[in-house]
Amino acid sequence: MNTTLKVLLSVFFVILCGSPIWYHTMTVHQTKLPTNKLLNLSSSANPKISIQIKLLFDEQILKTQNKDPFLSKVKKEVTKLSKEFQQEFLTFQINTQAIKLKKDYNNMNDPKKITKFLEESLSFHKEKENQKEKEKENNTEMFEPKYTLVLLNIPNLSEGIYLPPTGRLIWINLGESTNEDNLLNNLRNFFPIFGCITNTTKFTTQTDDLHLSFILLNQDPRGRVLNWEFEEAFNYYLQPTLEKLNKRFSEITFDSEMIAYADLEHFRVHKSNEANRNNEKGVHYSISKKTLRRVIQIGEWSSSVATNKPVLRFILFVPGQKFTPLFINKNSGKNRDAFIVPGIGGISIHNLNKSETQLLNKNDLRRSFLVFANQMRLFLGIKNLEKFNYYDPSNVIHDIELDMLILDTLIKNLNEAKHSLVSLHTLIEELPYMEIPEEIGTHIQNAINEIQFSESNMKKKNYKSAYFSSKRAIEDCNRAFFNPSISSQLYFEMQNRFAIYIPIFLPMLAPLITKLFKQISSF
Amino acid sequence: MKHTPLTILFFLFFSLYFGCLAQSQDKYTEALTIKKLNKNKLLFKFDFNTISKNPNYQNYFLFPKTFGNLVKENSLEYLRFSLTQGMYHLKYGEIGRYSPPGGELIATFETKEDLESKFRTVSRKISGIFGTSQKFSDLTISAQPFYTEFNSLESTSQRTHYSSLPREPVCTENLTPWLKLLPCRSKAGLASLLNPIKLYDLFYHSMSVEVTRSQENSLSFHQQLLLVVELKEFKFSQIFGTPLIGPICPFSSQTKIQIEGFSDYSSFTPTPEEIGNNQVGFILKENLNKKDFNLHYSPKEKTNNNGYNHNNIGNDNSNNGNDNNNNFNNNGINDENISKNQSIKLNRFLKESGKIRGGVITQITNLEKNDLHLTLYDSLPWFMRVYFHTLTIKSNFENKEIEITDLNLESEQGNESNLFANQASLLRIQTSQDHGRPSIFELALVLKPGETFQISVDYLKGFLNFEEHPFDGNRGFDIAPAIVSMHGKKQNLKKRIYYTDSLLLMLPTPDFTMPYNVMTITTTAFLIWYGSFLNNLTGRAGLKLKKKSKAKWIIKPDKF
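Residues numbered from 1 in each chain as written. Chains lettered and ligands numbered in written order. Predicted model: local features only at pLDDT ≥ 70, side-chain atom pairs only at ≥ 80, totals over all residues. Heavy atoms only, no water.

1. A look at the overall build of chain A
Here comes step 1: Helix and strand counts for chain A stand at 15 helices and 17 strands.
Here comes step 2: Looking at the 523 residues of chain A, the share that counts as buried comes to 49%.
Here comes step 3: Partitioning the contacts of chain A with sequence separation of at least 6, the portion at a separation of at least 24 is 77%.
Here comes step 4: A total accessible area of about 26800 Å² is found for chain A, and carbon and sulfur atoms account for 51% of it. (Helix = DSSP H or I, 4+ residues; strand = E, 2+ residues; numbered from the N terminus. Buried < 20%, exposed > 50% of the residue type's maximum accessible area, 1.4 Å probe, protein only. Contact = heavy atoms within 4.5 Å. Areas by Shrake-Rupley, 256 points an atom, 1.4 Å probe, with all protein chains shown as cover.)

Here it is, written out as structure tokens:
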């Protein structure tokens, strides 16, 4: 045996012995994932949410009609209508009924009083008490999407759909004409309330947990040291809504501060003599719409917040005397005094009147806080609907809207959780050399359990706990998906390994292999 | 609507009422103290004070929200953070609380649980706010002084954490966030004088923030800027680059400039007035914006010295180390480096022999006419492995070693009267852990008038890991100063804190090119192996020995 052969054999012997060791050291720990469960879950559709609507007609409307055939006809039409509005996850159950209201309400023209009257005569209070008792028994707060729609005709009051701030009662005033077409038109306008949550206007990435930061920006405090009765105004205009949201939907915290000497030097402020928003002639100043996007990006305007939650800033900007009154110039020629910056917050300009004192009280702040309230609606993705009469502006989010927000978020959470589980699964399959620690397996298992729990609760119509478990499912999914141990390996693919080994091993192995062939052929 | 006098009165009353209400929530004051120090030094001390009564930690007006959140989330009772450039020597005169060079962070928490993790959070947030590297003040250099009281709060000993980064540079990027914490920023009031370009050109510069939460549920936020310049005459526009032009801060309930220690107030233009409490200066009113306020001081007896001297920065440190060592036996008091009202003199230096061992010597001299009760807190990093048995204290009176009584308090703060029963008592020792905690010793000392104590301790230098060295490892390591605090009835009004000099320690540094050497050697070894291996395979590959040739070895390269 010649030396070359010895060398060759020894090298290949080393390679042969070394390969298993190399393979062993290169294999990564991969936790077994519940693949079957995962795939079953993703292929199964979400359970549907059924919404029960009780349609109540005042007998006064039916006076002119033939009662029974009319009711059945309406029911038929409404079922048709509901199918039109039926979404992927919503089904409707509709009951139609004629009622006789005790008191003559025709002379009333205050929506609040009418709502109160309706609640009393339909014994809504009793129902509420019953529900409270039920909740006490079960020790959880329940909510069922059961709505009562009452059709009235009050000639003194304008026609339209009236949405009381609390409770699940809605009433429609048909006005003077109680004919079939008008009735169906109104019902057609009513159904969009079940799709009031939109994606297009949702400015925040995550609506669940938020921190609201309210800032009083005083451009020039010289001679007008300003303070605001923030707590009073907040408690009056926003606190009820926040409480409602915190109780049922999410965790929202807030704080406030004052920043002085916020300069406008970054904006082009135009001076003009045109009529301002109130059609009063006189000098006013305006910022063009184009420069607005720079507003909150300027470090001076935004302040630090000690929280990990997404932050929404609501800024009350008081322009200095030099720039009062200040408006935002829209292209359409109309002047506005508030705007929204997606994902960051909203700004409302407060032009000080001469009569206003150094302290902005609850009444001075009314306009701005209602603007903030509306901006908050936008951030949560709640749409203002046509023909709807939101007659109580102090209540930012109505019960029915909140119901829809919760149901919508529940469905979105479930879809998102399922989607991210599936994409995680495909990712793991595509990258067989990726390490999967035990942690990820546990998170995935937890997420699957939560999804299943949420779906079973949906079937039981316990939407509240379904919602909260869907929230936990999302959290678990995110923890699995963004686990630092896998995200670092996402970019280390098989090609990279070749890129590392080839430059050294190929030139080394080439002479060895060719020599081996030569040796074999020489025998 | 016609305004009758009654309605006008009514409005006036209401605006006054609400105006008062608006300011009663938080109170903010501004003050500038100009003080004459020894050796042609002048002190400019800016104090910005915000007091918030009954804060709810949710709605902030003048109190900065960032610090409100910090106090609430970490249940802080006291926080002091300072950034300093230059060393302040006591020979220039006493200026109250001052700071050692670099960054210093002191935090007192409500409880002693989780102290270290809370301190870590606080130091990270502080680094974030001021753009400093305070977050590196981890447990290897920070510790708890048990017997030094940094604030007027009660029994803070076990709840206070302290860290000092003597090498932290101070820059305008630290000043900008500091100014942003002021209600008027640098746009109005005394802060409009603070021009970053001029400020860092001075002899000593120290800015600090101090938050105190008192028992009466009020929060106080104190921002202080100390500037020491070397001048005989001055003008605002000369020091700060601008006179006081801007309006006074409208949120400030009092804006005053106070002048201290000058013999001739008539040399000032405008001439200062009595402002109450036996103080002389100016109370600035809102009508300031009509005329620039450019305070000018030129003493009547002029000397040739032009005053302002850029080259003096940092040159005044000549008296550390050996100079003072020679003074040790001379009673220390006749030293020319001592000012009139100075009550204590501090020196600290290294005693080095080679790159292995060394010693730290701290000298404390009592310049008062009565006994001084002092505690000394000395924290040395782990790479100075302290031999505690070498801890000795010498007095210049008897010129012999003083016996150190071990009080063995076991981390319980003893009664203060017990602390000073002996001339020197050892209160606490913490041994160091490599790459872990520092070594600490705390002493209680009683010094007679004119007495000098020389406290010395030896150490062995440790080896740092390769990556633990800074980029300029050969420059040396800055060692934070020891803290001396005064106790006793005489100083009952305010417990004073003094800092010794900071030290520069040279450690054995490795050859930083080492990894490249290792790489070169490894590659060479690999090349030798692979070269011979390749030679073996290819070199003889086509080797054919011609039978009848004379030469034994003719190598014919194969087609290969």
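Moving on from the model shown.
2. Comments concerning the sheet that holds strand S19 (residues 405-406) of chain B
All names here are of chain B.
Here comes step 1: On the basis of which strands lie adjacent, the open sheet formed by six strands has the order S19-S20-S21-S16-S24-S25 and mixed pairing. Where the open sheet ends on each side, the last strands, each with one partner, are S19 and strand S25 (497-499).
Here comes step 2: The pairing of strand S16 (residues 372-380) with strand S21 (residues 439-447) spans nine bridges and is antiparallel. Considered in S21, the bridge of Leu 376 is made with Leu 443. (Pairing = 2+ DSSP bridges.)

3. Considering the sheet that holds strand S13 (residues 296-297) of chain B
Residues and elements named next belong to chain B.
Here comes step 1: The strand order across the open sheet built from three strands is S8-S13-S10, with neighbouring strands paired in antiparallel fashion. Since the sheet does not close on itself, it has two edges, and those belong to strand S8 (234-235) and strand S10 (268-269), each with one partner.
Here comes step 2: Here S10 runs beside S13; their pairing, made up of two bridges, is antiparallel. By the bridge assignment, Thr 269 is partnered in S13 with His 296.

4. Focus on a nonpolar patch on the surface
Here comes step 1: A cluster of nonpolar residues, A:Ile504, A:Phe505, B:Phe526 and B:Trp529, forms a patch on the protein surface that exposes about 390 Å² of accessible area.
Here comes step 2: Looking at the nonpolar patch, the elements with two or more residues in it are helix H15 (494-522) of chain A together with helix H9 (514-539) of chain B.
Here comes step 3: Tracing the backbone shows B:Trp529 in helix H9.
Here comes step 4: You can call B:Trp529 partly exposed: its relative accessible area is 45%. (Patch = residues over 30% accessible without salt bridge, like charges linked within 9 Å, V, L, I, M, F, W, Y side chains within 5 Å. Salt bridge = Lys/Arg side-chain N within 4 Å of Asp/Glu carboxyl O.)

5. Things to note about the domain arrangement of chain A
Residue and element names in this part refer to chain A.
Here comes step 1: Assigned domains within chain A: domain 1 (49-197) and domain 2 (210-381).
Here comes step 2: Overall, the association of domain 1 and domain 2 removes approximately 370 Å² of surface from exposure, summing both partners, and the carbon and sulfur fraction of that is 33%.
Here comes step 3: Our count for the contact surface shared by domain 1 and domain 2 stands at zero salt bridges.
Here comes step 4: Our enumeration of links across domain 1 and domain 2 arrives at zero residue pairs in polar contact (both at pLDDT 80 or more).
Here comes step 5: Considered class by class, the residues forming the side of domain 1 that touches domain 2 number four nonpolar, one polar and two charged. (Domains from an automatic or database assignment. Buried area = accessible area lost by both parts, 1.4 Å probe. Polar contact = N/O pair within 3.5 Å; in protein donor to acceptor, adjacent residues only side chain to side chain. Nonpolar A, V, L, I, M, F, W, Y, C, P; charged D, E, K, R; others polar.)

6. What to know about the nonpolar core
Here comes step 1: Within the largest apolar cluster, 174 residues are counted, with the highest numbers of intra-cluster contacts made by A:Phe190, A:Phe194, B:Phe44, B:Phe46, B:Phe67, B:Phe234 and B:Phe236.
Here comes step 2: Viewed by domain, this core spans two of them, domain 1 (49-197) and domain 2 (210-381) of chain A, each represented by three or more residues.
Here comes step 3: Counting residues in hydrophobic clusters, the runner-up holds 59 residues, among them B:Tyr98, B:Leu346, B:Leu374 and B:Phe441. (Core = buried A, V, L, I, M, F, W, Y, C linked by side-chain atoms within 4.5 Å.)

7. Section: the pattern of salt bridges
Here comes step 1: What the rule picks out here adds up to 24 salt bridges over all chains.
Here comes step 2: Across the pair A:Asp403 and A:Arg168 runs a salt bridge, and its minimum N-O distance is 2.6 Å. Taken together, the positions of A:Asp403 in helix H11 (residues 399-430) and A:Arg168 in the loop between strand S4 (160-162) and strand S5 (169-173) put the pair 235 residues apart, joining distant regions of the chain. For the pair shown, A:Asp403 and A:Arg168 are each scored as buried.
Here comes step 3: A salt bridge links B:Arg167 to B:Asp472; the shortest N-O distance between them is 2.6 Å. Here B:Arg167 is found in the loop between strand S5 (160-165) and helix H4 (172-180), whereas its partner B:Asp472 is found in the loop between strand S22 (452-461) and strand S23 (477-479), with 305 residues between them in sequence.
Here comes step 4: Where salt bridges share partners, they join B:Arg167, B:Asp472, B:Arg475 and B:Asp478 into one cluster.

8. Details of the pairing of strand S17 (residues 384-395) of chain B
Residues and elements named next belong to chain B.
Here comes step 1: Bridging between S17 and S22 involves eight bridges; their strand directions are antiparallel. Along S22, the bridge assignment pairs Ile 393 with Ile 455.
Here comes step 2: Taking the residues that link successive antiparallel strands as the turn, the S17-strand S18 (residues 400-402) hairpin has four residues, and the phi of Asn 399 there is positive, at about 55 degrees.

9. Some remarks on the packing of aromatic side chains
Here comes step 1: Taken as a whole and judged by the stated rule, the model has 61 aromatic pairs over all chains.
Here comes step 2: On the basis of an interplanar angle of 55 degrees and a centroid distance of 5.4 Å, the ring pair of A:Phe314 and A:Phe372 is categorised as tilted. Residue A:Phe314 is located in strand S11 (residues 311-318), and its partner A:Phe372 is located in helix H10 (residues 366-380); the two are separated by 58 residues in the primary sequence.
Here comes step 3: Here B:Phe262 and B:Tyr297 contribute two aromatic rings whose centre-to-centre distance is 4.8 Å and whose plane-to-plane angle is 65 degrees, an arrangement assigned as edge-to-face. (Phe/Tyr/Trp six-rings, centres within 6.5 Å; stacked < 30°, edge-to-face > 60°.)

10. Notes on the side chain of B:Glu94
Residues and elements named next belong to chain B.
Here comes step 1: Relative to the elements of secondary structure, Glu 94 occurs in the loop between strand S3 (76-85) and strand S4 (102-109).
Here comes step 2: There is a polar contact of 3.1 Å between the side chain of Glu 94 and the side chain of Ser 343.
Here comes step 3: Within polar-contact distance, the side chain of Glu 94 engages the side chain of Tyr 498 at 3.1 Å.
Here comes step 4: Excluding residues that lie within four positions of it along the chain, Glu 94 makes contacts with Lys 35, Asn 341, Gln 342, Ser 343, Arg 496 and Tyr 498.

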